[in-house]
Amino acid sequence: MTTAAQAHTEDAAGWPDDDTTVLASRPLRPGTDDTLLSRFGDMIWQLSPAHPDAHVTVTALDWRRYPARLVRPFKSFFHAALEQPYPASPTGQRPGKRPSVATLSYWFVDVLVFATWLDEHAIGGLSEVTAADLDAYRSHILGLGRSPARQADLLAAVRTLWLYRDRLPAACQLEVCPWDGLAAKDLVRLPPAGRENATPRIAPATMDALLAWALRMVEMLGPDIRDAWHEFHDLDAGTHPSQQIYDGLGIPDRLDLFLHHARRRGSPLPGRHDPARGTAVNGAHVLRLVGVPPDKRAGLPPRQRALLENAGLPIAADTTVGGITARIDGVPWRPGPISIRELPTLVRLLYASAFTVICYLSGMRPGEVLTLPHGCSGSDPRTGELLVHGRRGKGYDRSPLTPGQAEPDRPWVVVAPVHTAVQLLETLANFPFLFPASPIAAHTSRANTTHARSTAAINQDLEDLVTWVNTTFTHPGGTPPIPPDPTKHLHATRFRRTLAHTIVRRPRGLIAAALQYGHVHTKVTLNYAGAADISWLDDLAIERLEMVMEQMQTDARRLANGEHVSGPAATEYRARVARFHGRVVNQTRNARRLLTNSDPDVHHGDGLTCVYRAETAECRRILAGQGITPDGPQESHCRSTCSNLAYTDRSIDQLRARLGLLGAAIGDPLTPQPLRDRAHAQAQTARATIDRHVSSSPDRADQAGH
């Protein structure tokens, strides 16, 4: 962490000196050049160096937008807000804490509306504003046709100006208390905000396919892309082992030696598409191959170009690097090596794939993933659990992340594919962050040494990943490998909500690479339960409550329509369904309380329904003998003798379908005998359950499973 050194100086009237550094008292991101920091007299103030999140770009304060005669007074206000904490407020504003630089960029827009209004009404400055002027300004804002929330923001900005009055020069103090101290929300009759999570989920078909392809990119295609990227950069830097034979030679001698080796190997010359001549020799890449420095690759002289074109060697249709080792369905994933035209795009899509794996399978926020540092992966020495170390993604007063720090702020418990993605990124490039601001080429305003990739950029990368997969791997007339999401475009903030929904709705379902959501559920939930940030548990509570209500409505409707239920827990099943009533829930804590007090604890499995009661659960008894205390039913340890079991008509339909599969296994002579015996025993159990179900419903005797 660094801090700007320029002291805050003032003239006799209390105005800050033009040479005062505006971020003098703010902690800065590591690597910030103090000499480039904005000064009070500048017409553009850059605030990004003082924001703790490297993936965030804070909009600069452009004072050219303000009326010229009011620039200095309003600069003084924003400088005071940067230097000093919030003033005490009757409405409970946070005294003692400073607003973040991101907050100031929003204030800048809101205050600009007020400054423009003052200028249009020929009001000389803040000290001249009267109560009547403020009433007129309020009427102006209410007449703009903006939303109530936006109107409240604009009026609140004026109140903030008044709160800071004692910290400003006398000439720019707003002395009149705005609107008799009423809060902005009361001035515009702002309705109370709800706490429902409105972030839309990604459709299961889209998310499952996206994750499957992201895993495929990371685990299969990624090494080919990484190796090609390294080869290209080594060639470009002149450090590739193949270039050592050209050391000390002039360009003509290098080209002669290059052609000699190409003829001996029968290698084609690298090519490129020329609009005038079709396929032509890629002279710039030839110069790269022979180790010519970048500043001397502007073009080949005519004589040297003629030497290459008349060498009698074939010219390739493109210029490629690396090789193809990965296969999809037994076939190489592309017909030939990667072209240098495609390579930057593939590298960017590889970053998007790794982001998808890490973000979705960890439950981390997008910003928390984007600012992960190199060396962030590890394991718990006591439990052996895999960890990723980063920094928390909320809190206005977080300290900047120091690259290479030994003890990152917070660990997340993750699954193996997350570590695989992290390790691939660490071998792809060597920047302070796993996701540098511009992984392809250096960016002048957001250097990779101090900035991470922005959320907006990674969202576009996700869209491009889907487009590339669907364009590259869809057969003519076939459906796209990643179906479109029916709600809206993909963006990273939807991952956490989607994971919560999937964990709750499909706890035993499989995702790509045979990774179980239940595994992710256990790690992510336990991690958040033991951390200060428990918002993940809020998402799970809402999703769980929605699922329970939908399930119980379906169960009640089927019972009313005559669905038959059998088994030892049939009576309890009917009782629990009958007494569960939905209700309006408007806050997360209400959802958790309702689940705690009213959850019927009915779980529909494959061919059975568990009406869970811990005291009589066979699965709990078995696991207790192993020193494990589960918090719910464990289908993998279910026993047909358990008194918690019930069977609905839906369960029996599933058992009948299973009988067909078991019968095929029993009759297959290629199936090993132990497996055939196991299938025979399972079939007998299923038939017995079907018979008991049918016999307990006399009017359904014709539905026997024989």
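Below or above, wherever it landed, is the structure these notes cover.

Read from one edge to the other, the open sheet built from three strands follows the order S11-S12-S13, with strand pairing classed as antiparallel. The outermost strands of the open sheet, each flanked by one partner alone, are strand S11 (377–379) and strand S13 (410–414). Across this sheet, the average inter-strand angle for adjacent strands is 40 degrees, counted without regard to direction. Sheet analysis places S11 next to strand S12 (residues 386–390), joined by three bridges and oriented antiparallel. Following the sheet pairing, Ser-379 is matched in S12 by Leu-386. Against the sheet, helix H12 (residues 416–428) contacts S11, S12 and S13, and its axis sits at roughly 50 degrees relative to S12.

Here the focus is the pairing of S12. One face of the sheet, then the other: side chains in a regular strand alternate in exactly this way. Turn length for the S11-S12 hairpin, with the two strands adjacent in sequence and antiparallel, is six residues, and the turn residue Gly-384 shows positive phi of about 80 degrees. One ladder, built from five bridges, connects S12 with S13; its direction is antiparallel. Bridged to Val-388 within S13 is Trp-412.

The strand order S14-S17-S16-S15 describes an open sheet built from four strands, whose pairing is antiparallel. The two strands at the open ends of the sheet, each matched to only one other strand, are strand S14 (565–566) and strand S15 (602–604). Sheet topology places strand S16 (residues 609–611) next to strand S17 (residues 645–648); two bridges connect them, and they run antiparallel. Within the sheet, the bridge partner assigned to Cys-610 lies in S17 and is Leu-645.

The subject of this paragraph is the packing of helix H10 (residues 343–362) against H12. Relative to each other, H10 and H12 sit at 150 degrees, their axes nearing to 9 Å. With respect to their mutual orientation, H10 and H12 come out roughly antiparallel. Of the two possible hands of crossing, H10 and H12 adopt the one that is left-handed. Of the residues in H12, those touching H10 at Val-347, Leu-350, Tyr-351, Ala-354, Val-357, Ile-358 and Leu-361 are Pro-417, Val-418, Ala-421, Val-422, Leu-424, Leu-425 and Leu-428.

Turning to the state of the cysteines, a few remarks are in order. For the structure on display, the rule yields zero disulfides. The closest cysteine sulfur to the non-disulfide-bonded Cys-638 is located on Cys-642, 6.0 Å from its own sulfur.

Mapped onto the fold, His-564 is located in the loop between helix H16 (535–560) and S14. Classification of His-564 by relative accessible area gives buried; the value is 13%.

A word on H10. Here H10 is 20 residues long and its end C-alpha atoms lie 28 Å apart, about the 28 Å a rise of 1.5 Å per residue gives. Looking at the residues trailing H10, positive phi occurs at Gly-363, about 80 degrees.

Here we take up the side chain of Asn-470. As for its placement among the helices and strands, Asn-470 is situated in helix H13 (residues 455–473). By relative accessible area, which is 19% here, Asn-470 ends up buried. When residues no more than four places from it in sequence are discounted, the contact partners of Asn-470 are Pro-480, Pro-481 and Ile-482.

Before going further, it helps to examine the pattern of salt bridges. As a working rule, side chains carrying opposite charge can pair if their charged atoms are close by. Counted by the stated rule, this structure contains 21 salt bridges. Its salt-bridge partner being Asp-318, residue Arg-341 comes within 2.5 Å of it at the nearest N-O pair. Of the two residues, Arg-341 is situated in the loop between strand S10 (338–339) and H10 and Asp-318 in the loop between helix H9 (302–309) and strand S7 (320–321); the sequence distance between them amounts to 23 residues. A relative accessible area of 58% means that Arg-341 is categorised as exposed. Here Glu-563 ties to Arg-650 by a salt bridge, and the two come within 3.0 Å at their closest N and O atoms. Of this pair, Glu-563 sits in the loop between H16 and S14 while Arg-650 is found in helix H20 (residues 649–667), placing the two residues 87 residues apart along the sequence. Judged by relative accessible area, Glu-563 falls into the buried class, the value being 10%. By sharing partners, the salt bridges in this structure join Arg-348, Arg-453, Asp-461 and Asp-464 into a single network.

Rules behind the numbers
Within any chain, residue numbers begin from 1 and follow the written order of that chain's sequence. In view of the model being predicted, local features appear only for residues whose pLDDT reaches at least 70, and side-chain atom pairs are presented and counted only at 80 or more, with totals across whole chains, interfaces and linings using the full set of residues. The basis for the side-chain values is all heavy atoms of the structure; hydrogens and waters are excluded. Following DSSP output, two strands are said to pair if at least two bridges run between them. Numbered from the N terminus, helices here are DSSP runs of H or I no shorter than four residues, and strands are runs of E no shorter than two. Angles shown run from 0 to 180 degrees and are taken between the N-to-C directions of axes, each axis being a line fitted to C-alpha atoms and, for helices, limited to the stretch in contact. Residues are treated as being in contact if the distance between any of their heavy atoms lies within 4.5 Å. Note on terminology: angles under 35 degrees are roughly parallel, angles over 145 are roughly antiparallel, angles of 65 to 115 are roughly perpendicular, and the others are oblique. Crossings are assigned a handedness: left-handed for a near helix turned anticlockwise from the far helix by less than a right angle, right-handed for a clockwise turn. The disulfide criterion is simple: two cysteine sulfur atoms within 2.5 Å. Buried, partly exposed and exposed residues are distinguished by accessible area as a fraction of the type maximum, computed with a 1.4 Å probe on protein chains only: under 20%, between the cut-offs, and over 50%, respectively. Take the number of residues in a helix, subtract one, and multiply by 1.5 Å to get its expected span. Between Lys or Arg on one side and Asp or Glu on the other, a salt bridge is scored when a side-chain nitrogen of the former is within 4 Å of a carboxyl oxygen of the latter.

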